[in-house]
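# Commentary on secondary and tertiary structure
Take a look at the letters that make up each chain.
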Amino acid sequence: MRRRLDRIRNWGHRRDDIVDQPESPSTSDTECSEEVGSGTLSALQDEPKTDLNEVKGHLEITLLEKHFLQEELRKLREEESSVDGLRQELERERCRNMELEQKINQITTARLEDSPCGPPKAPPSHDITTSEKQKEDVYNRFQKWLSHYFGVDFEDFHLQPEEEVVELDEPLSARRLTENMRRLKRGLRPVMNFLRDLSALSSWYSVYTTAIAFTIYMYATWCGWTISMFLFLAVLRLSLNYLIARGWRIQWSIVPEVSEPVEPPREDLTVSEKFQLVLDVAQKAQNVFGKMADILEKIKNLFMWVEPELTKKLYIALWVSFIASCLLPYKVLGFIIGVFAGVKFFIINFIFKSCPKLRQRYDTAHIVWTNLPTDLQLKERSNPSPGRRVPSGEDVGGARYYSTKRGAFHEVFNLPESECPLPVCENGWRCCLINRDRKTPTDYIRNGVLYVTENHLCFEVSRSSSTKRNKVIKLLDITDIQRYKVLSMLPGFGMGISIATPSTQKPMVFGAMTNRDEAFDTIFSQHKKVVAMATATSPEM
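As the structure is a prediction and not an experimental result, all values here were calculated from the model.

A count of helical and extended segments in the protein gives 15 helices and 11 strands. Burial statistics for the protein: of 541 residues in total, 22% are counted as buried. Counting contacts in the protein only where the partners sit at least 6 residues apart, residues at least 24 apart contribute 53% of the total.

Turning our eyes to something else, we now look at the packing of helix α5 (residues 207-223) against helix α6 (residues 226-245). In the contact formed by α5 and α6, the axes pass within 7 Å of each other and the chain directions differ by 135 degrees. Taken together, the axes of α5 and α6 lie oblique to each other. Of α6, the residues touching α5 (which contributes Ile216, Tyr217, Ala220 and Thr221) are Thr226, Met229 and Phe230. Taken together, the residues of the contact of α5 with α6 sort by class into 5 nonpolar, 2 polar and no charged.

Relative to the assigned elements, Ile254 resides in the loop between α6 and α7 (271-303). Look at Ile254 and you get partly exposed, because its relative accessible area is 24%. Spatially, the C-alpha atom of Ile254 lies 7.5 Å from that of Leu201, the residues being 53 residues apart in sequence. Apart from the residues lying within four places of it in its own chain, the contact partners of Ile254 are Asp197, Ala200, Leu201, Tyr205, Ser206 and Thr209.

Taken in spatial order, the 7 strands of this open sheet run β8-β7-β6-β5-β11-β10-β9, and their pairing is antiparallel. Two strands lie at the open edges of the sheet, namely β8 (471-474) and β9 (480-485), each paired on one side alone. Neighbouring strand axes in the sheet, compared pairwise and without regard to direction, differ in orientation by 30 degrees on average. Pairing geometry for strand β7 (residues 456-461) and β8, over 4 bridges, is antiparallel. From the neighbouring strand, His456 faces β8, where its bridge partner is Lys474. In this fold helix α15 (residues 516-537) packs onto β5 (429-434), β6 (445-452), β7, β9 and β10 (495-500), with an angle of close to 170 degrees to the strand it touches most, β9.

So, on to the packing of aromatic side chains. Per the stated rule, a full pass over the model turns up 14 aromatic pairs. For the pair Tyr219 and Trp225, a centre-to-centre distance of 6.0 Å together with 80 degrees between the ring planes defines the contact as edge-to-face. For the pair Phe345 and Phe346, a centre-to-centre distance of 5.0 Å together with 85 degrees between the ring planes defines the contact as edge-to-face. Among the residues examined, Phe346 registers a relative accessible area of 6% and is labelled buried. Chaining the aromatic ring pairs together yields one cluster made of Phe214, Tyr217, Phe345 and Phe346.

On the secondary structure map, Glu419 appears in the loop between α13 (409-412) and β5. Distance in space between the C-alpha atoms of Glu419 and Glu454 is 6.5 Å, their sequence separation being 35 residues. For Glu419, the contacting residues outside a window of four places in its chain are Phe409, Thr453, Glu454, Asn455 and His456.

On to the pattern of salt bridges, then. Taken as a whole, this structure holds 12 salt bridges when the rule is applied. Here Asp517 makes a salt bridge to Arg516, at a shortest N to O gap of 3.1 Å. Residue Asp517 is classed as partly exposed on the basis of its relative accessible area, which comes to 42%. One salt-bridge network, held together by shared partners, links Arg483, Arg516, Asp517 and Asp521.

Moving on: the nonpolar core. If you look at the biggest cluster of nonpolar residues, it comprises 23 residues, and the most contacted ones within it are Leu450, Leu457, Ile497, Phe510 and Met513. Elements represented by at least two residues in this core include exactly β5, β6, β7, β10, β11 (508-511) and α15. Of all the elements, α15 adds the most residues to this core, at 4 residues. Discounting residues that sit within four places of it in the chain, Leu457 has contacts with Leu450, Tyr451, Val452, Lys471, Val472, Ile473, Leu475, Ile499, Phe510 and Ile523.

We now examine the pairing of β10. Note on strand geometry: in a regular strand, side chains alternate between the two faces of the sheet. Burial of β10 is extensive: 5 of the 6 residues sit out of reach of the surface. Pairing of β10 with β11, which is carried by 3 bridges, proceeds in the antiparallel orientation. When the sheet's bridge partners are listed, Ile497 is paired in β11 with Phe510.

Looking now at the side chain of Arg516. Structurally, Arg516 can be placed in helix α15. Residue classification places Arg516 among the buried residues on the basis of a relative accessible area of 11%. Setting aside anything within four residues of it in sequence, one finds Arg516 in contact with Arg483, Tyr484, Met495, Gly496 and Ile497.

In contact at an axis separation of 9 Å, α5 and helix α9 (residues 330-354) are set at 170 degrees when each is read in the N-to-C sense. Looking at the two axes, α5 sits roughly antiparallel to α9. Between α5 and α9, the residues in contact are Thr210, Ala213, Phe214, Tyr217, Met218, Thr221 and Trp222 and Phe335, Gly338, Val339, Ala341, Gly342, Phe346 and Ile347, respectively. The residue makeup of the contact of α5 with α9, split by class, is 10 nonpolar, 4 polar and no charged.

Taken as a whole, this structure holds 0 disulfides when the rule is applied. Here Cys420 stays free of any disulfide, with the sulfur of Cys425 as its closest cysteine sulfur at 9.5 Å. What makes Cys420 partly exposed here is its relative accessible area of 21%.

Positionally, Val452 belongs in strand β6. What makes Val452 buried here is its relative accessible area of 0%. Along the backbone, Val452 and Pro421 are 31 residues apart, and their C-alpha atoms lie at a distance of 5.5 Å. Ignoring anything within four residues of it in the chain, the contact list for Val452 reads Cys420, Pro421, Leu422, Cys425, Trp429, Leu457, Ile523 and Gln526.

In this section: the side chain of Lys298. As for its placement among the helices and strands, Lys298 is situated in helix α7. As a buried residue without a salt bridge, Lys298 has its nearest oppositely charged side chain in Asp294, at a separation of 6.8 Å. Look past the residues within four positions of Lys298 in its chain and what remains in contact with it is Trp369, Thr370, Leu372, Pro373 and Thr374.

Of note in the backbone geometry, Trp204 takes a positive phi value of approximately 60 degrees without being a glycine. Positive phi is not limited to glycine here, since Trp305 has a value of about 60 degrees. When you line up the elements, Trp305 lands in the loop between α7 and α8 (308-327).

What counts as what
Residues numbered from 1 in each chain as written. Predicted model: local features only at pLDDT ≥ 70, side-chain atom pairs only at ≥ 80, totals over all residues. Heavy atoms only, no water. Helix = DSSP H or I, 4+ residues; strand = E, 2+ residues; numbered from the N terminus. Buried < 20%, exposed > 50% of the residue type's maximum accessible area, 1.4 Å probe, protein only. Contact = heavy atoms within 4.5 Å. Axes fitted to C-alpha atoms, helices over the stretch in contact; angles between N-to-C directions. Parallel < 35°, antiparallel > 145°, perpendicular 65-115°, else oblique. Nonpolar A, V, L, I, M, F, W, Y, C, P; charged D, E, K, R; others polar. Pairing = 2+ DSSP bridges. Phe/Tyr/Trp six-rings, centres within 6.5 Å; stacked < 30°, edge-to-face > 60°. Salt bridge = Lys/Arg side-chain N within 4 Å of Asp/Glu carboxyl O. Core = buried A, V, L, I, M, F, W, Y, C linked by side-chain atoms within 4.5 Å. Disulfide = S-S within 2.5 Å. Lys, Arg positive; Asp, Glu negative; His and termini not counted.

Without other data, these values stay purely geometric and don't point to any function.
Have a look at this one:
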């Protein structure tokens, strides 16, 4: 805008310069006269136009000057309003300063009144203002006394709403996943070592250590020092941990610790390794969550009278404990509880672990816990369906019941009822059967679950396969068992097991197994056991 204004102002001067140009010396008089005549005529014709242009330019100049003046006026008004705001803030600060000076004067006068060498006290006035000032002085002195002797400040007790911090979820990373798994393993190691030492102490792993612990515990219980003994053990453990942190080599464990090899962290994981890692973590999480859900559901069913006969035992035990706590003194009651806990932990548990039949008959807690059903078992009892998978190895009617996706285990594979999966593979190993003798794709690869019994190797075909024929192999018919690798892109790095039999030209391969080593060790050991039993009985035959 300013540039336009300057251009308009300089337009008149440029026009005058163009009109008043000097005559050139090379022109003649006639030419000059003709030019003058024509110039006068053109000047008379252009004079009204030039006047209008000048008026227009002056009008634009005035409009622009008016606009600039309005902007400057607006800025001045804003500055005046800001000045007014500053004046108001200054007045507020002056009022606050006066209030603070009054409070300081009150505090100084109160201190002078409290001092023994101070001026004589003024007679008490009955005004409302003086009484309020005295109350404030007493409140301030009490607050100072608390903060001086106890370090308590009333401002710390002001209620403030808690700020909710939203934690962002980290993206899925194989490196982060392995690191968290190792951290969890290291964090659980002290707890697992403590539980392992308790189990070793109860099972008399070291006879001398358990005998000394049992004697000390019973003596402390007889003298009423049970709580003091546990507190002393906690202090002793913390002291040993302090010495270990300082660099001392102290091992206070009944069972010697086995150092596990630490795998160095790998950053260059392949796609198949990442996929296998996610599968392993998901499987472990599934098993842990399943066990936790079973425990919680059993506790809930125990208190909800799902099994009345089992809950009745707990009901009677609670009534007996309540009556004993009302009649017996606490010293005698504590002595009885301590003696029972010691005998149960050191002697009864050792007898029950050594004799499982006695435990199944007389261990009430074990009987109640094993017979308590979970919600899944109750659902299967109420709605039995052959299409739904029943967890293997459940106690139904006091007998061990094994099942697969399609029903009872022995009925699916046409085996005797004595043939049941081994405890290590009650739920089976998911894999795919590669029969290289077959040429059609439907028979070449079949997905399913692999089981191992006492005498057979059973493969149950999944529902997604086009063929529904299950595979049963006798362990005695197996001629060779080897580890086999199909493709690294398959689950479990493509690891599998190759099994050769006389009825097949090429060995059958059970591939894509996530727990290949566990399955191979189980099949190999059971095969050796069956072969050894067959060779031992053949001479007698």
